[in-house]
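Now for the letters of each chain:
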Amino acid sequence: MATERTNTCSAKKNNLTAAKLSRNKTSAALATVLWLQIALIVMSLFKVRNWWKTQCPTVEPAYDSFSLHCARLCIEEGEKDSIVVGSHSGQLCIYRPTGGNSNLPDLDAEDAAAEGQPAQGSPSNDPFENVFQHADVILEVQLALPVLGISSGKFTTTNKTDPRLQLAVLHPTKLCIFQIVTIDGLADHGDHTRLVTLYDHPLSKPAFSMCHGPFGGVKGRDFLCVQHLDGSLRFFEQDGISYERTLATDRHIPSPLHYLPRVDCFVTVAPSWVLECYRYQDVAEALESLRRHDPIWSLCVGEYALDLQVHQISNTESVIVMLGENNLLCVSDTGKVRFIKKLDYSPICFHSFVTGWYWEPGARLMLAVVSESGSLLLYESDQIIWSAQLGNVPVAIDRANVTGLPGALVTLGPTGALSIGYLGSEPELFRVPALNLAPFEIARCQKELLELEREIRTGVDPSDASIANAAAERDVKLYVNIAEDTVACTHPTNMPPGVAVEMCQLSMTVQVEPKLEVLQLTVTTDQAIGCSKDAFLFRDVEARSTERFDVWVFPAEPTVPATRTVTVYCSYTNKQGITRVVQKEVLLPLKLFLKPCQPSKEAQHKLTLSVVTAQQTNLGQLFAEFASDGVSTSALGLQPAGGGDGRKVTIVAAKSTNRFRVQSDELGMIGIVLECLIGRLQGREMIDPPSDGDAPARKESSKVLVTINGVPSIGGLLRSLQMHCELRKAVLKLETELESTTGQMRLFERRFVVKLQERSLRALDGILMLLKRNHSSVAKVCQQLKAMRQKMKLAQIDLAAILHLFHLCYTHSANAPGTKHLEHLTGLLTSSVLDSTEQSYEEMLLPVVRFLAQTGPLKNTGEQPDTFDEAFFYTAKQTNERAADVDVTVHSDLLQQQLQRLLGRVNDRFVAAGRTSGSGSGRNSVDFEDQPLPEAHDEEVEEADEANQVEGSEFVALSSTASEWVNYEKMADLPL
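What counts and how
- Residues numbered from 1 in each chain as written.
- Predicted model: local features only at pLDDT ≥ 70, side-chain atom pairs only at ≥ 80, totals over all residues.
- Heavy atoms only, no water.
- Helix = DSSP H or I, 4+ residues; strand = E, 2+ residues; numbered from the N terminus.
- Buried < 20%, exposed > 50% of the residue type's maximum accessible area, 1.4 Å probe, protein only.
- Contact = heavy atoms within 4.5 Å.
- Areas by Shrake-Rupley, 256 points an atom, 1.4 Å probe, with all protein chains shown as cover.
- Polar contact = N/O pair within 3.5 Å; in protein donor to acceptor, adjacent residues only side chain to side chain.
- Pairing = 2+ DSSP bridges.
- Expected span 1.5 Å × (residues − 1).
- Axes fitted to C-alpha atoms, helices over the stretch in contact; angles between N-to-C directions.
- Phe/Tyr/Trp six-rings, centres within 6.5 Å; stacked < 30°, edge-to-face > 60°.
- pLDDT = per-residue confidence, 0-100.
- Core = buried A, V, L, I, M, F, W, Y, C linked by side-chain atoms within 4.5 Å.
- Salt bridge = Lys/Arg side-chain N within 4 Å of Asp/Glu carboxyl O.

A. Spotlight on the overall build of the protein. Secondary structure assignment for the protein yields 14 helices and 43 strands. Within the protein, buried positions represent 43% of all 976 residues. Nonlocal contacts in the protein, meaning residues at least 24 apart in sequence, comprise 64% of its contacts between residues at least 6 apart. Carbon together with sulfur atoms contributes 53% to the accessible area of the protein, which is approximately 51700 Å² in total.

Given below as structure tokens:
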């Protein structure tokens, strides 16, 4: 027993010790992560210090990552590295910076301050003080062909004791080998350098890149390999032997190619984004039957290689470093992945090097990567050790040992800006500017807006817009035609089963005069109208060509659309890069959406139209498409083509006067019928196209004046807005519920996998039961969400129809002045209602209504202007669990209040103007056959009207003056 007690105590003590060690390790890991984050923040303050810079002769975007080469050319004894730059324009330059300013410190010397000696020179505050000297350039020559690549090595065997290296320059159709020769000067002018051509190799195919090395393990000389655009390889040996080989897979996309001297292999990336390694002996085999076509190893990297570089890091291993579009990959020469570093930025170029000799144990692999933001990130293997900001974004980066600066960073910009720098330790601090917390003042903003609009009007000539529109119509002519004949619909719709749906053909003809780069046709319809294809896109359209496009248009929803107008936009871009837009509108046949039915004698909503014309019109002439169905000349009833829901619209014609009454129990159904009636009375829409003899009648009908003697009650609009708000809240609630149930589903699936791995069969039954129940709830919520979104879409269509009805009433009101002030009020009442994922329609419309209510003639000077209280919305979101519902409800309530106040103020002023002018409706009850036309009223709002006599009846006369309104220009008046 004592022994067991002792073992138990010892085990507890060991557990406590292990727990403490685990906590210590966790704390150490967290401290390390925190230290790395602080180090990255501190490193982001530094900039790469400039040591020397110059501008290459070609000042244009003619450089890439293959245009820079740094190497020791061994031209003279004890020299440093030279910088060779070649451009696509054929310019070849060789620089050897010496740091001509004696005031700058020599970073290559020993640190004299550590030994107590004074430093030679002090650093200057000017980072660009070490400017370019004429002696820094040793060669500058213009070649006949563009330079695609530069390399240096032992490319000739004329004199094996000569330490000088040759320069290989790759052109698109030729490979040239040059020798750099230095000629001693005879006077004080100094030496000068010449570029002597040793030999060149013509290429039968366009070249892409090249690499060099001791292929086959030769000693004391280098061979060359040129990669063509088709992926084939061309090998050149110094003895004049050249041969061409093709790798196994298709090489339609060339990629960087490099040689591994340790294993005598080539590495490249195939178009399938696979890193492949080929042995030189297999590729160089002359006999096809003995040649091995497959790579000795391959590795899927999953992306295109921006650049490849190879290094030997030990006696037994070489590495391939690949910079991809999203990752930095390091692979050994045997195909083993050393590390993969995922980049959270877009890389531009990189350079890798090994510090120390590769046979020493302290050799380190360093990587310098440049991001698209101009940041230089230095890695040791896969760990970042430094970060600094470059002055500009280069296209190539290299490392060189120049006089006075060992390990210098050499960067080449896209336009030839060559600079040498080093990692500095002088931070550049950034101070956040103070925030402008001034309150939002509507009066001041309105004043600034008017000043800006005045500036725009003075700088824009309205005639330019008409000239541009005329030019656009001359370049592209668009003809749109709608067929009156309908056929059975063959496209899917949301109509109830058993309902016969018709469709009609929309024809679009485009005539193009000049040659166009891009042309796009777009067909825009109401949400309740479907189209078989709504977009066409073409590129490189030939001049003087004509094309016709036919689409089918049909009712898609079981409701009446807000408008029958179909708009066709033709946007195009010519070869000069100028974009223009031509649009045409066409009206769909009314019989596509409505069919005749028995007229109703009583309805809740009624509107009266007065027509000023010299001739009498009847319903049989206006609605000739329904004449065959026994339509009366005094009354016409129309119901949706789907039918079955009891909704209908009735048109009643007066007996002796040209007046019509449109009535219905559904306010949303009046708009489409009212629009059709007004269009046909004014002659803008005719069923039977007139002949040449009917041209005078068509001209007379265009002069018909149609007025509406009132506007509907605002209560119907407010009820539709409230319905839309409630459906929006229901959709958001279902989306939240769906998110919760799918989260539970993922949790159950993870638990199921865990139990399955543990082979706990008894626990699987409970998890399976939970999965089935959760799947059923997810399916149920999805069905409810689909049905609720369909209801919300129908509510959007109904709200758009009511807004369009108000638009028609205000536009054709009896006493409306012919000025621009109604454009802003009718522009508010658009026939398009859409909700985004982040904002509801009420939230988008509220600022517009507030702006109109607080500016212009509708502003009530006796009322205190409302201020937008952001703190109220913030508090509501914080105190309510469902912040989305708060947003929708608050914005809907505010919109209803502002809209009711705005439209009520309009009606009050119009009533006052109508009484002053003495204008009345002039209605005569005996003109209508069915019953006298009573005073328009709304049963739900009747009690409120009795208590408040300011609003009067449902129909009010419209009148106002335009001098008080701010005169805004139309968007169409601005030049495209």
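Right, picking up where we left off after that structure.
B. Expanded view of the side chain of T193. For T193, the position within the fold is in strand 9 (residues 192–202). For T193, the side chain forms a polar contact with the main-chain oxygen of I138, separated by 3.4 Å. Ignoring sequence-local partners within four residues, the contact set of T193 consists of I138, L139, I180, V181 and T182.

C. Quick look at the pairing of strand 31 (residues 502–512). Two strands pair when backbone bridges link them, and strand 29 (residues 476–482) and strand 31 are joined in this way by seven bridges, in the antiparallel orientation. Residue pairing in the sheet places K477 in a bridge with Q511 of strand 31. Direction of pairing for strand 30 (residues 487–488) relative to strand 31: antiparallel, over a ladder of two bridges. Looking at the pairing, A488 lines up with E502 of strand 31. Pairing between strand 31 and strand 35 (residues 545–555): nine bridges, direction antiparallel. Across the sheet, the residue bridging to V512 is S545, located in strand 35.

D. Fine view of helix 6 (residues 670–681). For helix 6, which comprises twelve residues, the first-to-last C-alpha distance of 16 Å matches the rise-based estimate of 16 Å (1.5 Å per residue) to within 8%. Of all twelve residues making up helix 6, twelve are buried, and the element is well covered by its neighbours. Of all the residues in helix 6, the buried ones are I670, G671, I672, V673, L674, E675, C676, L677, I678, G679, R680 and L681.

E. A look at the sheet that holds strand 32 (residues 516–524). With respect to topology, four strands assemble into an open sheet ordered 34-32-36-37, the strand pairing being antiparallel. Looking along the sheet, the strands with just one partner apiece sit at the ends: strand 34 (535–541) and strand 37 (579–587). Averaged over all pairs of adjacent strands, the angle between their axes in this sheet comes to 15 degrees, without regard to strand direction. Two elements, strand 32 and strand 34, share six bridges in a ladder whose sense is antiparallel.

F. Representation of the sheet that holds strand 2 (residues 68–71) in the model. What the four strands build is an open sheet, ordered 2-3-4-5; its pairing is antiparallel. Sheet topology places strand 2 and strand 5 (137–142) at the edges, where each strand pairs with a single neighbour. The sheet shows a mean angle of 10 degrees between the axes of neighbouring strands, taken without regard to direction. When strand 2 meets strand 3 (residues 82–86), the two strands line up antiparallel, connected through four bridges. Following the sheet pairing, H69 is matched in strand 3 by V84.

G. Up close: the packing of aromatic side chains. Scanning the model with the defined rule gives 17 aromatic pairs in all. Seen from their ring centres, F215 and Y280 are 5.5 Å apart, and the 40 degrees between their planes marks the pair as tilted. Here Y280 lies in helix 2 (residues 280–284) and F215 lies in the loop between strand 10 (207–213) and strand 11 (223–228), a separation of 65 residues in the sequence. Y280 carries the same exposure label as F215, and that label is buried. Taken together, the ring pairs connect F215, F223, F235, Y243, Y259, F266 and Y280 into an aromatic cluster.

H. Spotlight on the confidence of the model for the protein. Within the protein, residue pLDDT values average 78, and 75% of them lie at 70 or more. With pLDDT under 50 throughout, residues 102–128 is counted as low confidence; its partners more than four residues away or in other chains account for 22 contacts. Overall, residues 868–881 carries pLDDT values under 50, and its contacts beyond four positions in sequence, including any with other chains, amount to eleven contacts.

I. Geometry of the side chain of S840. Mapped onto the elements of the fold, S840 is located in the loop between helix 10 (821–828) and helix 11 (841–854). Residues within four places of S840 in sequence aside, it is in contact with R728 and D835.

J. Fine view of the environment of R338. Tracing the sequence through the fold places R338 in strand 21 (residues 337–342). Separated by 43 residues in sequence, R338 and S381 have C-alpha atoms that sit 8.9 Å apart. Discounting chain neighbours no more than four positions away, the residues touching R338 are I313, E317, V319, C330, V331 and S332. A distance of 3.3 Å separates the side chain of R338 from the side chain of E317, its partner in a polar contact.

K. Structural view of the nonpolar core. Counting residues in hydrophobic clusters, the biggest one holds 89 residues, and the most contacted among them are L609, F623 and L674. Counting residues per element, this core draws most heavily on helix 9 (residues 761–811), which supplies ten residues. In terms of nonpolar packing, the next biggest core, distinct from the first, is built from 21 residues, W51, Y95, A396 and I420 among them.

L. Highlighting the environment of L587. Tracing the sequence through the fold places L587 in strand 37. On a C-alpha basis, the gap between L587 and T563 in space is 8.7 Å, while along the polypeptide they are 24 residues apart.

M. Main features of unusual backbone geometry. One non-glycine residue, W273, adopts positive backbone phi at about 65 degrees. Looking at the secondary structure, you find W273 in the loop between strand 15 (265–269) and strand 16 (274–279). Among the residues examined, W273 registers a relative accessible area of 39% and is labelled partly exposed. Even without being a glycine, D540 presents a positive backbone phi close to 55 degrees. Take D540: its relative accessible area is 48%, and that puts it in the partly exposed class.

N. Geometry of the pattern of salt bridges. A complete count under the given rule lists 18 salt bridges for this structure. E79 is paired through a salt bridge with R96; the nearest N and O atoms lie 3.6 Å apart. Of the two residues, E79 is situated in the loop between strand 2 and strand 3 and R96 in the loop between strand 4 (91–95) and strand 5; the sequence distance between them amounts to 17 residues. By the burial criterion, E79 is buried, and R96 matches it. One connected set of salt bridges, linked through shared partners, spans K205, D230, R234 and E244.

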